[in-house]
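# Descriptive structure summary
Take a look at the letters that make up each chain.
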Amino acid sequence: MSQLIKPARLLLLGAPGSGKGTQTTRLLKQFPAISSVSSGDLLRKEISSKTQLGLLASGYIQEGKLIPDELIINLLTSYLSNNKWLTPKSTWLLDGFPRTQNQAKVLDSTLDKFNSKLNLVVELNVPEEVILERIENRFVHVPSGRVYNLQYNPPKILGKDDITGEPLTKRPDDNIEVFAKRLQEYKVTMGPLKDYYENQGILKVVSGETSDIIFPKLKELIVNKFD
Ligand SMILES: Nc1nc2c(ncn2[C@@H]2O[C@H](COP(=O)(O)OP(=O)(O)O)[C@@H](O)[C@H]2O)c(=O)[nH]1
Ligand SMILES: Nc1ncnc2c1ncn2[C@@H]1O[C@H](COP(=O)(O)OP(=O)(O)O)[C@@H](O)[C@H]1O
């Protein structure tokens, strides 16, 4: 485990299935001071709790479409505020939000007010042909956000979460048809989003075919910048 000297305010970008959740889990073990949130996990909890937002979101998600900006912005900015992230001293990691340039601009206007703008954005660059197979083997434990893979990191007991023993589920958007739409959506939205952070001088790209190749590079980026 390592301590970070300077506050790290991180954003992980990457195609669906590129390993954002996997890297987040490893980073939190390596740097316990980091708090993290995944927009997809928050939405899945809304859906499993059958909230109004959850009922609305599930329609978009099952079609591989992004949730409207204003809805996801409200969900995430409330989360950041309620969990006391909005201070210059806090160290945190965002996974899956912002996902459009408009979301990024609105987030920046909020973070700016608290002198806590993002200071490192990392894109996980994983070959497309690798991630489809991952998606097909992905299972999740919605309450915790823990992610499994029948090939890569299977649960100890098939279909059960390692920690709670609760059932694992297959995401309704983890099938070939919907995945193709999500990937297309990602390609359309990621360019302007990367340009936005490139222009701020805080974007880095880490490439690799597996999370085991990517993690050491990601860890080194963080240690070099914040240790
Ligand atoms: N085969 C393989 N699967 C991986 C690797 N890294 C992550 N996975 C699995 O691939 C799926 C997608 O990873 P995830 O972290 O959920 O990606 P995200 O959609 O970007 O958050 C999950 O089932 C992971 O367990 C890897 O290096 N190889
Ligand atoms: N920032 C966001 N803006 C709009 N929709 C989002 C956002 N984050 C998540 N979603 C919705 O939730 C779905 C699942 O998100 P996520 O779990 O991050 O999937 P993945 O990492 O596999 O792309 C997305 O396909 C999208 O429909």
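Residues numbered from 1 in each chain as written. Chains lettered and ligands numbered in written order. Predicted model: local features only at pLDDT ≥ 70, side-chain atom pairs only at ≥ 80, totals over all residues. Heavy atoms only, no water.

Below, the discussion takes up the overall build of the chain. Within the chain, the secondary structure is distributed over eight helices and seven strands. Taking 2.2 N^0.38 as the reference for a compact globule, 227 residues should give roughly 17 Å; the C-alpha atoms of the chain span a radius of gyration of 17 Å, in line with that estimate. Dimensions of the chain, computed from C-alpha atoms along their principal axes, come out at roughly 45 × 35 × 35 Å. Counting all 227 residues of the chain, 48% fall into the buried class. Long-range contacts, defined here as pairs at least 24 residues apart, represent 74% of the contacts in the chain between residues at least 6 apart. Put simply, the chain shows about 11,300 Å² of open surface, and 54% of that area lies on carbon and sulfur atoms. (Helix = DSSP H or I, 4+ residues; strand = E, 2+ residues; numbered from the N terminus. Rg over C-alpha atoms; globule rule 2.2 N^0.38 Å. Buried < 20%, exposed > 50% of the residue type's maximum accessible area, 1.4 Å probe, protein only. Contact = heavy atoms within 4.5 Å. Areas by Shrake-Rupley, 256 points an atom, 1.4 Å probe, with all protein chains shown as cover.)

This brings us to the nonpolar core. L10, L94, L118, V121, V122, Y197 and I222 are the most contacted members of the largest nonpolar core, which has 56 residues in total. With seven residues, helix α7 (residues 176-199) is the single largest residue contributor to this core. When sequence neighbours within four positions are dropped, the list of residues in contact with L94 reads L10, L11, L12, V37, L80, W85, L107 and L118. (Core = buried A, V, L, I, M, F, W, Y, C linked by side-chain atoms within 4.5 Å.)

Under the UniProt annotation, the feature "binding site: GTP" (unreviewed entry) is placed at G17, S18, G19, K20, G21, T22, R138, V147, Y148 and S211. Across 195 residues, the annotated set stays spatially compact, with a maximum C-alpha separation of 14.3 Å. Tracing the backbone through its elements, the reader meets R138 in strand β5 (residues 138-141). For R138, a relative accessible area of 12% puts it in the buried group. Secondary-structure assignment places S211 in helix α8 (residues 211-226). Looking at S211, the relative accessible area reads 4%, which means it is buried. When near neighbours in sequence (up to four residues on either side) are disregarded, S211 contacts G19, T22, Q23, R26, R134 and Y152. (UniProt positions renumbered as here; feature names shortened; annotations may be inferred.)

Neighbouring ligand 2 are 20 residues, the closest being K20, S39, K65, R99 and R182. At 2.7 Å, a backbone N or O of K65 approaches an oxygen atom of ligand 2. Summarising the interface, the protein chains cover 97% of the accessible area of ligand 2, which totals 540 Å² for the free molecule. No other element matches the four residues that helix α2 (residues 39-48) contributes to the shell around ligand 2. Residues of the shell around ligand 2, tallied by class, amount to seven nonpolar, five polar and eight charged. (Near = heavy atom within 4 Å. Polar contact = N/O pair within 3.5 Å; in protein donor to acceptor, adjacent residues only side chain to side chain. Nonpolar A, V, L, I, M, F, W, Y, C, P; charged D, E, K, R; others polar.)

Tallying each qualifying case throughout the model produces three aromatic pairs. For the pair W85 and W92, a centre-to-centre distance of 5.4 Å together with 20° between the ring planes defines the contact as stacked. This pair shows no difference in class: W85 is buried, exactly as W92 is. Taken together through their ring pairs, the aromatic side chains of Y79, W85 and W92 make up a single cluster. (Phe/Tyr/Trp six-rings, centres within 6.5 Å; stacked < 30°, edge-to-face > 60°.)

Time to look at the confidence of the model for the chain. Averaged over the chain, the pLDDT score is 96; the fraction of residues at 70 or greater is 100%. Scored by ipTM, the complex comes to 0.97, with pTM at 0.96. (pLDDT = per-residue confidence, 0-100.)

The environment of ligand 1 is formed by 16 residues, the closest being T22, R138, Y148, N153 and S211. In this structure, an oxygen atom belonging to ligand 1 sits 3.3 Å away from a main-chain N or O atom of S18. Here a nitrogen atom of ligand 1 sits 2.6 Å away from a polar atom, N or O, in the side chain of S211. Taken by itself ligand 1 offers 570 Å² of open surface, and the protein chains cover 91% of this. Breaking the shell around ligand 1 down by element, the ones donating at least two residues are α1 (20-30) and β6 (146-149).

Below, the discussion takes up the UniProt feature "binding site: AMP" (unreviewed entry) in the chain. Per the UniProt entry, the sites bearing "binding site: AMP" (unreviewed entry) are S39, R44, K65, L66, I67, G96, F97, P98, R99, Q103, R171 and R182 in this numbering. Look at the named residues: they lie 144 residues apart in sequence, and the longest C-alpha span between them is 24.2 Å, so in the fold they stay spread out. Relative to the helices and strands, R44 resides in helix α2. Not counting residues within four places of it along the chain, the set of residues in contact with R44 comprises S38, V142 and R171. Side-chain polar atoms of R44 contact the side chain of D41, separated by 2.8 Å. Relative to the helices and strands, I67 resides in the loop between α3 (52-62) and α4 (69-82). Judged by its relative accessible area of 8%, I67 falls in the buried class. Apart from residues lying up to four places away in sequence, I67 is in contact with L43, A57, Y60 and I61.

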